[in-house]
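Chain by chain, the residues run as shown.
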Amino acid sequence: MAKSKRGRSLYNLPARGRGTCPVCGSTRIKLLYPRTPASRKTIQVCKRCSVAPQTKIDAVV
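Remember, predicted model here, so these are calculated numbers, not experimental data.

Thresholds applied
Residues numbered from 1 in each chain as written. Predicted model: local features only at pLDDT ≥ 70, side-chain atom pairs only at ≥ 80, totals over all residues. Heavy atoms only, no water. Helix = DSSP H or I, 4+ residues; strand = E, 2+ residues; numbered from the N terminus. Rg over C-alpha atoms; globule rule 2.2 N^0.38 Å. Areas by Shrake-Rupley, 256 points an atom, 1.4 Å probe, with all protein chains shown as cover. Buried < 20%, exposed > 50% of the residue type's maximum accessible area, 1.4 Å probe, protein only. Lys, Arg positive; Asp, Glu negative; His and termini not counted. Salt bridge = Lys/Arg side-chain N within 4 Å of Asp/Glu carboxyl O. Polar contact = N/O pair within 3.5 Å; in protein donor to acceptor, adjacent residues only side chain to side chain. Contact = heavy atoms within 4.5 Å.

K.L.:
Quick question: what am I supposed to make of the overall build of the protein here?
P.N.:
Secondary structure assignment for the protein yields one helix and four strands. For the protein, the succession of helices and strands along the chain, N to C, is β-β-β-β-α. Taking 2.2 N^0.38 as the reference for a compact globule, 61 residues should give roughly 10 Å; the C-alpha atoms of the protein span a radius of gyration of 13 Å, well beyond that estimate. Expressed along its principal axes, the backbone C-alpha trace of the protein runs to roughly 45 × 20 × 20 Å. Summed over all atoms, the accessible surface of the protein reaches about 4,800 Å², with 53% contributed by carbon and sulfur.

K.L.:
Would you mind going over the side chain of R35 with me for this structure?
P.N.:
Mapped onto the elements of the fold, R35 is located in strand 3 (residues 33–35). One buried charged residue, R35, remains without a salt bridge, the closest side chain of opposite sign being D58 at 7.4 Å. There is a polar contact of 3.1 Å between the side chain of R35 and the side chain of Q54. When neighbours within four sequence positions are excluded, R35 is seen to be in contact with K41, T42, I43, V45, C49, S50, V51, A52, P53, Q54 and I57.

Take a look at the structure:
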């Protein structure tokens, strides 16, 4: 049986949760993972950058 509710929460997010990743610069990618740089302002990053080293996250801001 199909899962009709899968991904439904993405419809409530602006642009369906997609955008440009501030770390790697990938466009039209899902930004669902919060990371906190040294400036303490949480940013949303893509799945690949969610496991990036903290130094790379700090370099964005």
